[in-house]
Amino acid sequence: MTTSRRFWLIFLLTLSLTVLAGLGAAWYVLWKPNVRYSAFGPAYLYIRTGTGYEAVLDSLRKYELLHDEATFDRVARWQNYPARVQPGRYLLRPGLGNRALVELLSRGEQDTVAFTLDAFKYKPQLARQVARQLETDSVSLRRLLQDNADLQRRYQLDTTSILTLFLPGAYRLLWNTSARQFLDSAAATHRRFWTPERRRRADSLGLSPAEVHVLASIVQRETAQKTDKPLIAGAYLNRLRRGMRLQADPTLLWAIGNFGVKRVLNKDKLVDSPYNTYKHKGLPPGPITSANRQSLDAVLKPARHNYVFFCARPGGSGFSDFAETFAEHKKNARRYQHWLDSLGVKR
């Protein structure tokens, strides 16, 4: 083999090894799996609104999400990620390489949060629920819920009736959803529920959508039994048509701030509150809980009957006994009171 040929062979071999080494280094830095596997389920990176790149590094380090922080940092700076940090909740799939991870974060491809909004009675309960699931803090949401002018302008509701905007159930939102965005999302869910058919049903009852929510909230507190809800809704609607007071015990419990009471006393009926439906005719000014779809539809499709009275049935089943006359109702009420006495329930 000539000297020249030997030179070129060595040169090509060296070049090949250099290229392979370079490709290996590039693979190691750019594409080698760098996200750790978590035995505790999906790993998430939370980036708060307004935080920068150093906060991202701190979170990755604190929760040990990466095998090699240095290579991630190198790729992030190559791709100018420090200038493009976007807030959110990001699912870090095991085996994700640095390049794919940086692109994911740079594009803001965050994972949504699926959660169930439970029924609530008071605004602080709503604010705490939301703050546990989303980035927004409870103070910001409570502040918006107290801004009467803004609520009327944006949702045509006031600080009391705004609670009719919220439907308990499943929600799916971005983690960095703001308090305003959450309210707008709740309003969108509310609009989807109130189809033209449901609005026609409310009109036929002489009720606005907000009034349907208020009455449904009372029905919901009266029973969890699906078959009893339309019966109770029908009884309350009969009272409203006849000009009778609702005399709904759950509204008294809301007024005194104690839903744990098993027995309503005569002194409770003297409480000075617009929610005291023993004193005031018509519906209370707002809901006493966030009514679910089942309770709302029970009001929109009430049972047709002549009952105006009902009382919880002894035994704790959640069902009620209904009556057309007060005399019959008193008999039902006595049976229930005797059952409470047998259990030693004094309040």
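Conventions adopted
- Residues numbered from 1 in each chain as written.
- Predicted model: local features only at pLDDT ≥ 70, side-chain atom pairs only at ≥ 80, totals over all residues.
- Heavy atoms only, no water.
- Helix = DSSP H or I, 4+ residues; strand = E, 2+ residues; numbered from the N terminus.
- Expected span 1.5 Å × (residues − 1).
- Buried < 20%, exposed > 50% of the residue type's maximum accessible area, 1.4 Å probe, protein only.
- Arc of directions from axis to C-beta.
- Contact = heavy atoms within 4.5 Å.
- Axes fitted to C-alpha atoms, helices over the stretch in contact; angles between N-to-C directions.
- Parallel < 35°, antiparallel > 145°, perpendicular 65-115°, else oblique.
- Left-handed = near helix turned anticlockwise from the far one by under 90°.
- Phe/Tyr/Trp six-rings, centres within 6.5 Å; stacked < 30°, edge-to-face > 60°.
- Lys NZ or Arg CZ within 6 Å of the ring centre and 35° of its normal.
- pLDDT = per-residue confidence, 0-100.

(A) Local environment of helix α14 (residues 326-343). Given a rise of 1.5 Å per residue, 18 residues ought to cover 26 Å, and the 26 Å separating the end C-alpha atoms of α14 matches this to within 8%. Here α14 has its buried residues at H329, N332, A333, Y336 and L340. Down the axis of α14, the buried side of the element spans an arc of 100°, and every buried residue falls inside it. Those residues of α14 that are exposed and aimed more than 90 degrees away from the buried face are K331, H338 and S342. Packed against the buried residues of α14 are β5 (309-312) and β6 (320-323).

(B) Representation of the packing of helix α6 (residues 138-145) against helix α8 (residues 179-193) in the model. For the pair α6 and α8, interaxial distance at closest approach is 9 Å and the crossing angle is 55°. Put simply, α6 runs oblique to α8. In this structure, the crossing between α6 and α8 has a hand that is right-handed. Facing α6, whose interface residues are S140, L141, L144 and L145, α8 presents A179, R180, F182 and L183.

(C) Main features of the side chain of S59. Looking at the element boundaries, S59 is found in helix α2 (residues 53-62). Other than its neighbours up to four places away in sequence, S59 contacts L45, Y46 and L65.

(D) Quick peek at the packing of aromatic side chains. Applying the stated criterion across every chain, the model contains 15 aromatic pairs. When the ring of Y336 is compared with that of W339, the centres are 5.8 Å apart and the planes differ by 35°; the resulting orientation is tilted. Pair noted here: Y336 and W339 are both in helix α14, with a separation of three residues, about one helical turn. We classify W339 as partly exposed; its relative accessible area is 24%. Following the ring pairs from residue to residue traces out a cluster consisting of F115, F120, F166, Y171 and F182. For R198, the ring lying beneath its charged end belongs to F193, and the centroid distance is 3.9 Å.

(E) A look at the packing of helix α5 (residues 123-133) against α6. Relative to each other, α5 and α6 sit at 140°, their axes nearing to 8 Å. Viewed along their axes, α5 and α6 adopt a mutual orientation that is oblique. Crossing of α5 over α6 shows right-handed handedness. Where α5 approaches α6, its residues K123, P124, L126, A127, R128, V130 and A131 are matched on the opposing element by S138, L141, R142 and L145.

(F) How the structure looks around the confidence of the model for the chain. Mean pLDDT for the chain: 90, with 90% of residues reaching 70 or above. Confidence over residues 15-28 falls short of pLDDT 50; this stretch has five contacts with residues more than four positions distant or in other chains.

(G) Up close: unusual backbone geometry. In the Ramachandran plot, Q156 falls in the positive-phi region, its phi being about 60° despite a non-glycine side chain. In this structure, Q156 sits in the loop between α7 (148-155) and β4 (169-174). Its relative accessible area of 61% is what places Q156 among the exposed residues.

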